[in-house]
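Here is how the chains run, residue by residue.
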Amino acid sequence: MANAFVAAFEILSFGAIIVLIVLGLGIIASMMGIFNFAQGEFVLLGAYTTYLAYSRGLPIWAGMVAAPFLVGALGFVLEALIIRRFYAAPIVAMLGTYALGLIIREAVRGLIGGFYLTVPEPIGGSIDIGTMHISAWRFTIIVITLLVMAGCYLLLSRTSFGLRMRATLENPSLARASGISTPLMYGATFAFGSALAGLAGALIVPVFSLYADLGIRFLIQGFVAVMVGGVGSFIGPVAGAGVIGTLSAALPWIMAPVVADVLVFVLAIAFIKFRPQGLIAGKGV
């Protein structure tokens, strides 16, 4: 019983990590019609920001709070200078963002020297439930993920900012005629998705350590999760992240991790083949 509970907690905590990473990717894909293949490197930058704060003697929480703002600001600048030119050609946008990600990844590799760098957990120790022990920090990640999901949903569906954002991305001409600055809203959407990736990186770096290829693993899983969940809605990518995160965490308990990783992608490809619209298809948030 104890082993089953611990396994369930590990599966849930890894699923929460995937959801965090997919939130930003899903918002950009669903609302802007492009896949940001630099999203994994935005996760890496969030992790690197946290490490920098820790290495300079600042509280780890300071780096975690700063990470989404710094990465979001970078996303805003990149959208204005580069991404904005690719909206009419989604395939070119994929290649362009991949190139940006490659530049960021190799820059970080040069800064950290190819090493694996560790950051301690801000909340150490474990939570004891009878004879069972679960990581306090992983539990914190689950709680933060739930709060971020609720905040994102309320921001996009219950505020005037979310209304302007959706109006801009669904009908830019009508939005401009209504006095909405569409370039600003495009930039804000991309920055928001980037900030979520930065937050994800900041939260997971104590769990996975910092290394240059940190974002690649999660980018692939995030991309598959968005496709399985369905592009065009807020709930779709989150549902896909839950499915992929659960499978990725659960299957290694019953088979070799390498086989489990391959099986996850095979199952995802088979699902997309028979249901290309994903679990939950939609046209907007």
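You'll find the structure just up there.
Quick caveat: nothing in here was measured; it's all calculated off a predicted structure.

Rules behind the numbers
Residues numbered from 1 in each chain as written. Predicted model: local features only at pLDDT ≥ 70, side-chain atom pairs only at ≥ 80, totals over all residues. Heavy atoms only, no water. Helix = DSSP H or I, 4+ residues; strand = E, 2+ residues; numbered from the N terminus. Buried < 20%, exposed > 50% of the residue type's maximum accessible area, 1.4 Å probe, protein only. Contact = heavy atoms within 4.5 Å. Areas by Shrake-Rupley, 256 points an atom, 1.4 Å probe, with all protein chains shown as cover. Lys, Arg positive; Asp, Glu negative; His and termini not counted. Charge placed at Lys NZ, Arg CZ, Asp CG, Glu CD. Phe/Tyr/Trp six-rings, centres within 6.5 Å; stacked < 30°, edge-to-face > 60°. Expected span 1.5 Å × (residues − 1). Patch = residues over 30% accessible without salt bridge, like charges linked within 9 Å, V, L, I, M, F, W, Y side chains within 5 Å. Salt bridge = Lys/Arg side-chain N within 4 Å of Asp/Glu carboxyl O. Core = buried A, V, L, I, M, F, W, Y, C linked by side-chain atoms within 4.5 Å.

> I'd like to hear about the overall build of the protein, residue by residue, with values.
Along the protein, the regular secondary structure elements total 11 helices and two strands. Helices (α) and strands (β) of the protein occur, in sequence order from the N terminus, as α-α-α-α-β-β-α-α-α-α-α-α-α. By principal-axis analysis of the C-alpha atoms, the protein measures approximately 65 × 50 × 35 Å. Split into buried and exposed, the 285 residues of the protein put 51% on the buried side. In the protein, of all internal contacts separated by at least 6 residues, the share reaching a separation of at least 24 is 74%. Only carbon and sulfur atoms are counted for the fraction: they give 72% of the accessible area of the protein, which is about 12,900 Å². In the protein, 14 positive and 9 negative side-chain charges are present, and the distance between their average locations comes to 14 Å.

> Let's hear about the packing of aromatic side chains: which residues, and what values?
For the coordinates displayed, the defined rule picks out six aromatic pairs. Measuring from centroid to centroid gives 4.7 Å for Tyr-116 and Tyr-211, while their planes differ by 20°, and the two rings are stacked. Of this pair, Tyr-116 sits in the loop between α4 (90-112) and β1 (126-129) while Tyr-211 sits in the loop between α8 (182-208) and α9 (214-229), and the two are 95 residues apart along the sequence. Exposure remark for Tyr-211: the relative accessible area of 15% places this residue in the buried category. Three or more aromatic residues joined by ring pairs form one cluster here, namely Phe-35, Phe-37 and Phe-223.

> Outline helix α10 (residues 235-250), supporting the account with residue identities and numerical values.
The first and last C-alpha atoms of α10 sit 22 Å apart over 16 residues, in line with the 22 Å expected at 1.5 Å per residue. Residues of α10 that are buried include every one of Gly-236, Pro-237, Val-238, Gly-240, Ala-241, Ile-244, Gly-245, Ser-248 and Ala-249, and no others.

> Before we move on, could you go through a nonpolar patch on the surface and cite the residues and values that matter?
On the surface, a cluster of nonpolar side chains totalling about 480 Å² of accessible area is made up of Phe-5, Ile-127, Ile-129, Phe-139, Val-143 and Leu-147. Sorting the residues of the nonpolar patch by element identifies β1 and α5 (136-158) as the ones contributing at least two each. Mapped onto the elements, Leu-147 comes out in helix α5.

> So what about the pattern of salt bridges? Which residues, and what values?
Tallying each qualifying case throughout the model produces five salt bridges. A salt bridge links Arg-84 to Glu-79; the shortest N-O distance between them is 2.7 Å. Since its relative accessible area comes to 32%, Arg-84 is described here as partly exposed. Residues joined by salt bridges that share partners form a network here, namely Glu-41, Arg-105, Glu-106, Arg-109 and Asp-213.

> Quick rundown of the side chain of Arg-138? Include the residues and the values.
Relative to the assigned elements, Arg-138 resides in helix α5. Residue Arg-138 is classed as buried on the basis of its relative accessible area, which comes to 17%. Those residues within four positions of Arg-138 in sequence are excluded, and the remaining contacts are Phe-9, Glu-10, Ser-13, Phe-14, Ile-17 and Val-207.

> Account for the side chain of Arg-105, with residues named and values stated.
Along the polypeptide, Arg-105 turns up in helix α4. Looking at Arg-105, the relative accessible area reads 9%, which means it is buried. Ignoring anything within four residues of it in the chain, the contact list for Arg-105 reads Glu-41, Leu-44, Tyr-98, Ala-212, Asp-213 and Ile-216.

> Tell me what's going on with the nonpolar core, and back it up with residues and numbers.
With 81 residues, the main nonpolar core has Phe-42, Val-148, Leu-203, Leu-210 and Phe-218 as its most contacted residues. The element that contributes the greatest number of residues to this core is helix α1 (residues 2-32), accounting for 15 residues. The residues contacting Phe-42, other than those within four sequence positions of it, are Asn-36, Val-71, Leu-74, Leu-78, Ile-104, Phe-190, Ser-194, Ala-197 and Gly-198.

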